[in-house]
Structures are given as C-alpha cells and as structure tokens.
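Architecture and fold: a report
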Amino acid sequence: ILDVTNGCIVYQEQVMQICRELAGFTLGQADLVRRAMSKKKHDVMEKERQHFVTGCAANGISEQVANELFDEMSSFASYAFNKSHAAAYAIVAYRTAYLKAHYPKEYMAALLTSILDNTDKMLSYLKECEQMKIKILPPDINKSFTGFTVEDGCIRFGFLGVKNLGRGVMEALVQEREQGGPFNDLDDLCDRMY
C-alpha cells in the first residue's frame, strides 16, 4: 500500500486502502475515516479506532500493531490530502520554488504585490528580501507603479504598499506619468493630477 511513497502515508486514499485491506472496512466505512481526516475531526477518528483494531485482529494483526498504525493514521490526519490535491500542490510548490530560486527579485516583487492589504505579511516578506540581499528602493513619484516592480536589480516599492493611497488615484497617476512623462515638481504634479 505504501510502496509508491517509500513506506510513508501520504494520501487519504492510502488510509482508505489500509482500512479496507487490514481491518476489513467496507468502502463506506473507509470513506467515513477519509472524511473525518479531511475535516480534521479527530474525535470521529478515535471512534473508529476500536472498529479498526477489531478488524485487524480478525486478520491476524496484533492489537499493539493495529493501535500503532491507527496512531500513525490519526497523526497523518492533521495534514492529509487526497492524491489529486497533493499532486496539484506539489506542482505549485515546485514551480514556486523554481521561480524563487531562478528569478528571486521578480518572485519577491510579485509576492509583495499579492499581499498589499496585509501589513504583517508585507513586513515579513520585506525582511525576507533583506535576508536574500535584495535591496528595496523607496516609493518614487516618477518610478513606482501601483505594485512592486524590479528596477536595476532591486525592488521598487509600489504605491499601494504605502498606507492610505487609493488604488484609483495611483492608477491615474501612473497613467498620467506614462502619457505625459515624468513629473517635474509638485506644481506639475498638482496641475496634471487635478
């Protein structure tokens, strides 16, 4: 049952198969255990323990081994996924790790832009940029965009990362700057952004 995952329980389907083959559960009973795991219902899992131990005993498996196996399945329930979800998450994790390893500045700029509304996460990611030796440039009226961007090997702070700047106004500012060129001074900004 666990050959494909090197002896570790990785998928909910493996738990169902263990319940069926070792304890003689029906498909419905095994699915009940799977649902209890997916909902993190440890109390339901514990109710199924005696059923599992009794079923294992009928198949020549000692009570001690059955309880140890059930304990392992119960602890697995805290992070259980079905096989298709696990595969999808693995692909996302692989691609994310690849981007972070090969395009760290672009990755971190996109990550920072994705959490503009969450100050705690932003501070955490800015600290990670510091640890990765990625310089963060301050917001600049003539260089920043609404989100974080990569500029000259650094990350330029996005306007929307600054508290109390509205999206609509900042998008209009960027559009005006793109069409009319950089702002010369405060008067120019005020005239063009009325």
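Because the structure is a prediction, the values reported are computed rather than measured.

The next subject is the overall build of the chain. Scanning the chain from terminus to terminus reveals 9 helices and 3 strands. A globule of 194 residues ought to have a C-alpha radius of gyration of about 16 Å, yet the chain, at 27 Å, is considerably larger. With respect to the principal axes defined by its C-alpha atoms, the chain has extents near 85 × 30 × 25 Å. Among the 194 residues that make up the chain, the fraction classed as buried is 34%. Restricting to contacts in the chain with at least 6 residues of sequence separation, those with at least 24 account for 44%.

Together, Tyr 94, Tyr 98, Leu 99 and Tyr 103 make up a nonpolar patch on the protein surface, roughly 450 Å² of accessible area in all. Topologically, Tyr 94 is positioned in helix H5 (residues 83-102).

This paragraph deals with the nonpolar core. With 24 residues, the main nonpolar core has Val 15, Cys 19, Phe 52 and Met 73 as its most contacted residues. Of all elements in the fold, only helix H1 (12-23), helix H2 (27-38), helix H3 (42-58) and helix H4 (63-76) reach the threshold of two or more residues within this core. Sequence-distant contacts of Cys 19, that is, excluding residues within four places in its chain, are made with Gly 24, Phe 25, Ala 30, Val 33, Phe 52 and Met 73.

Further remarks concern the environment of His 42. Structurally, His 42 can be placed in helix H3. A relative accessible area of 36% means that His 42 is categorised as partly exposed.

What follows covers unusual backbone geometry. One non-glycine residue, Asn 6, lies in positive phi territory at about 55 degrees. Counting through the fold element by element, Asn 6 comes out in the segment before H1. The class of Asn 6 is exposed, set by a relative accessible area of 72%.

Helical geometry: 3.6 residues make up each α-helical turn, so side chains three or four residues apart lie on a common side. Between its first and last C-alpha atoms helix H8 (residues 167-180) spans 20 Å; for 14 residues at 1.5 Å apiece the expected length is 20 Å, and the two agree. Where H8 terminates, the next one or two residues include Gly 181, which has phi positive at roughly 85 degrees.

The next subject is the confidence of the model for the chain. The predicted coordinates of low-pLDDT regions are not to be read in fine detail. Looking at the chain, pLDDT values average 92 and 99% of them are 70 or higher. Mean pLDDT across the elements of the chain ranges from a minimum in H2, with 87, to a maximum in strand E3 (residues 154-156), with 98.

Note on placement: Val 33 falls in helix H2. Once the C-alpha coordinates of Val 33 and Phe 159 are considered, the two residues, 126 residues apart in sequence, prove to be 49 Å apart.

Going through the model one piece at a time under the given rule, you end up with 10 salt bridges. One salt bridge connects Lys 100 with Glu 128, and the closest N-O pair in it is separated by 2.2 Å. With Lys 100 in helix H5 and Glu 128 in helix H7 (residues 119-131), this residue pair connects regions lying 28 residues apart in the sequence. The salt bridge involving Glu 151 is made with Arg 156; its shortest N-O contact spans 2.8 Å. For the pair Glu 151 and Arg 156, one class covers both residues: buried. Overlapping salt bridges bring together Asp 31, Arg 34 and Arg 35 as one network.

Calculation criteria
- Residues numbered from 1 in each chain as written.
- Predicted model: local features only at pLDDT ≥ 70, side-chain atom pairs only at ≥ 80, totals over all residues.
- Heavy atoms only, no water.
- Helix = DSSP H or I, 4+ residues; strand = E, 2+ residues; numbered from the N terminus.
- Rg over C-alpha atoms; globule rule 2.2 N^0.38 Å.
- Buried < 20%, exposed > 50% of the residue type's maximum accessible area, 1.4 Å probe, protein only.
- Contact = heavy atoms within 4.5 Å.
- Patch = residues over 30% accessible without salt bridge, like charges linked within 9 Å, V, L, I, M, F, W, Y side chains within 5 Å.
- Areas by Shrake-Rupley, 256 points an atom, 1.4 Å probe, with all protein chains shown as cover.
- Salt bridge = Lys/Arg side-chain N within 4 Å of Asp/Glu carboxyl O.
- Core = buried A, V, L, I, M, F, W, Y, C linked by side-chain atoms within 4.5 Å.
- Expected span 1.5 Å × (residues − 1).
- pLDDT = per-residue confidence, 0-100.

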